[in-house]
Amino acid sequence: MMNGMNMNKMMKQMKKMQKQLGEEQENLKQQEFKGTAPDDMVEVTFSGDKKMTDIQIKPEAIDPDDPEMLGDLILTAVNDGISKVDKATESTMGKYTKGIPGM
């Protein structure tokens, strides 16, 4: 009989944790993260689920004689933005995955 009570309590705790996890994932998706290149020449905005929602490019970043530079600035800004999303995700969701192998 004792095992049944413990199992019910554990199932309730699991359901509560699943609900909290879902709420925190949704909250993370609603946040905005900005990634920038040096001198803010390029700025990108991401949602918490790593969808790019905006890109701003300063006119002086566009050099027709050096298109590779613009590409590098965009890559830098995008990688910076994704890094910020990853850090926020780890900070928020890490408490749920801590101690789980492969997470």
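What counts as what
- Residues numbered from 1 in each chain as written.
- Predicted model: local features only at pLDDT ≥ 70, side-chain atom pairs only at ≥ 80, totals over all residues.
- Heavy atoms only, no water.
- Helix = DSSP H or I, 4+ residues; strand = E, 2+ residues; numbered from the N terminus.
- Contact = heavy atoms within 4.5 Å.
- Salt bridge = Lys/Arg side-chain N within 4 Å of Asp/Glu carboxyl O.
- Buried < 20%, exposed > 50% of the residue type's maximum accessible area, 1.4 Å probe, protein only.
- Pairing = 2+ DSSP bridges.
- Axes fitted to C-alpha atoms, helices over the stretch in contact; angles between N-to-C directions.
- Patch = residues over 30% accessible without salt bridge, like charges linked within 9 Å, V, L, I, M, F, W, Y side chains within 5 Å.
- Areas by Shrake-Rupley, 256 points an atom, 1.4 Å probe, with all protein chains shown as cover.

**Notes on the environment of Gly48**
- Position of Gly48 relative to the elements: it lies in the loop between β2 (42-47) and β3 (52-57).
- Along the sequence, Gly48 and Gly81 sit 33 residues apart, while their C-alpha atoms lie 10.0 Å from each other.
- Those residues in contact with Gly48, other than ones at most four positions away along the chain, are Leu28, Lys29, Gln31, Phe33, Val85 and Thr89.

**With respect to the pattern of salt bridges**
- Going through the model one piece at a time under the given rule, you end up with 4 salt bridges.
- Between Lys34 and Glu43 there is a salt bridge, with the nearest N and O atoms lying 4.0 Å from each other.
- Put simply, Asp86 and Lys50 hold a salt bridge, and the shortest N to O gap is 2.7 Å. In this pair, Asp86 sits in helix α2 (residues 67-97) while Lys50 sits in the loop between β2 and β3, placing the two residues 36 residues apart along the sequence.
- According to the relative accessible area criterion, Lys50 is partly exposed, its value standing at 42%.

**Observations concerning the pairing of β3**
- Examined bridge by bridge, β2 and β3 share 5 bridges and lie antiparallel to one another. Counterpart to Phe46 in the pairing with β3 is Met52.
- The hairpin turn running from β2 into β3, its antiparallel successor, is 4 residues long, and Lys50 in that turn takes a positive phi close to 65 degrees.

**Side note on the sheet that holds strand β1 (residues 32-36)**
- One open sheet holds the 3 strands; their spatial order is β1-β2-β3, and the pairing between them is antiparallel. Each edge of the open sheet carries a strand with a single partner, namely β1 and β3. Within the sheet, the average angular offset between the axes of one strand and its neighbour, ignoring direction, is 15 degrees.

**Here's the deal with the environment of Lys84**
- Summarising the element assignment, Lys84 is placed in helix α2.
- A residue is classified by how much of its surface remains accessible, and Lys84, at 36% relative accessible area, is partly exposed.
- Between the alpha carbons of Lys84 and Gly48 there is a distance of 9.2 Å; along the sequence they are 36 residues apart.
- Other than its neighbours up to four places away in sequence, Lys84 contacts Phe33 and Lys34.

**Considerations on a nonpolar patch on the surface**
- Nonpolar side chains collect at one region of the surface, where Met7, Met10, Met11, Met14 and Met17 lie side by side and expose about 470 Å² of accessible area between them.
- Residue position: Met7 is located in helix α1 (residues 2-30).
- What makes Met7 partly exposed here is its relative accessible area of 45%.

**So, unusual backbone geometry**
- Of note, Asp39 is a non-glycine position whose phi angle comes to about 60 degrees, a positive value.
- Tracing the backbone through its elements, the reader meets Asp39 in the loop between β1 and β2.
- Its identity as a non-glycine residue notwithstanding, Asp40 has a phi of 55 degrees, on the positive side.
- Within the element layout of this structure, Asp40 appears in the loop between β1 and β2.
- Classification of Asp40 as partly exposed rests on a relative accessible area of 41%.

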